[in-house]
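# Breakdown of the fold
Listed below, chain by chain, are the residues.
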Amino acid sequence: MPKLSLIVAIAHDGVIGVNNTLPWHLPEDLKRFRALTMGHHIIMGRKTYESLNRLLPGRTTVIVTRNPQYRVEGALVCGSLPDALTQSAGDEEVFLIGGAELYREGLAQADRLYITEIDARFDGDAFFPQIDVGQWQLVAEERHVSEKGLAFRYLTYDRKVEN
């Protein structure tokens with residue numbers, strides 16, 4: 001089974017989205033997202049795919065939906081996260097990119113978390129689940145300020161290995 005990494009941008013109060021969009025514009029984070037996910041499988045829910053409204057170039061798109069008739073040309077469509085991981089076999093690192101429901105399910109199985117923590121409040125209707133910090137070890141942290149003055153941090157966590 002490939003290593004599962006969750007990649008997400010989170011604002012105060014766990015906000016990750018509003019009306020099926022990102023409530024902020026952070027070009028620096030989009031560049032990082034592209035660099036990390038390029039050449040890999042990206043797993044997402046149907047609503048996340050429809051918010052993008054396109055396949056992301058250079059990556060294999062895997063869409064999880066309960067609708068067995070759902071099809072997107074050029075993408076793999078699965079009925080569950082375990083099926084999506086099976087479809088992604090052969091890739092050493094697979095990225096789960098949203099939405100909130102899949103993040104909740106994927107957090108229990110994830111090996112790594114790539115979090116962009118945005119130091120601002122936004123109204124939202126989609127939230128990242130609470131992270132049990134006892135299960136994770138911070139392995140990298142970078143502080144930044146966007147061109148528009150928005151403070152944010154890149155945090156990378158690896159799941160702690162039980163002895």
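Residues numbered from 1 in each chain as written. Predicted model: local features only at pLDDT ≥ 70, side-chain atom pairs only at ≥ 80, totals over all residues. Heavy atoms only, no water.

For the coordinates displayed, the defined rule picks out four aromatic pairs. The cationic tip of Arg-32 hangs over the ring face of Tyr-154; the distance from NZ or CZ to the ring centre is 4.2 Å. (Phe/Tyr/Trp six-rings, centres within 6.5 Å; stacked < 30°, edge-to-face > 60°. Lys NZ or Arg CZ within 6 Å of the ring centre and 35° of its normal.)

A separate point is unusual backbone geometry. Apart from glycine, the bulk of residues carry a negative phi angle, and the bulk of peptide bonds sit in the trans form. The step from Gly-98 to Gly-99 runs through a cis peptide bond, and the omega angle for that step is 5°. Here Gly-99 shows up in the loop between strand S6 (93–96) and helix H4 (100–107). For Asp-13, which is not glycine, the phi dihedral falls at a positive 65°. One can find Asp-13 in the loop between strand S1 (3–10) and strand S2 (15–17). For Asn-19, which is not glycine, the phi dihedral falls at a positive 50°. Counting through the fold element by element, Asn-19 comes out in the loop between S2 and helix H1 (27–37). Residue classification places Asn-19 among the exposed residues on the basis of a relative accessible area of 61%. (Helix = DSSP H or I, 4+ residues; strand = E, 2+ residues; numbered from the N terminus. Buried < 20%, exposed > 50% of the residue type's maximum accessible area, 1.4 Å probe, protein only.)

The subject of this paragraph is the sheet that holds strand S4 (residues 60–64). A sheet is described by the order of its strands in space; here eight strands give the open sequence S5-S4-S3-S6-S1-S7-S10-S9, paired in mixed fashion. On the outer flanks of this sheet lie strand S5 (76–78) and strand S9 (136–145), each paired with one strand and no other. Taking each pair of neighbouring strands and ignoring which way they run, the sheet shows an average axis angle of 20°. With five bridges joining them, strand S3 (residues 41–45) and S4 adopt parallel strand pairing. Its bridge partner lying in S4, Ile-43 is registered against Val-62. Contacts from H1 reach S1, S3, S6, strand S7 (112–118) and strand S10 (151–159) within the one sheet, and its direction differs from that of S10 by about 25°. (Pairing = 2+ DSSP bridges. Axes fitted to C-alpha atoms, helices over the stretch in contact; angles between N-to-C directions. Contact = heavy atoms within 4.5 Å.)

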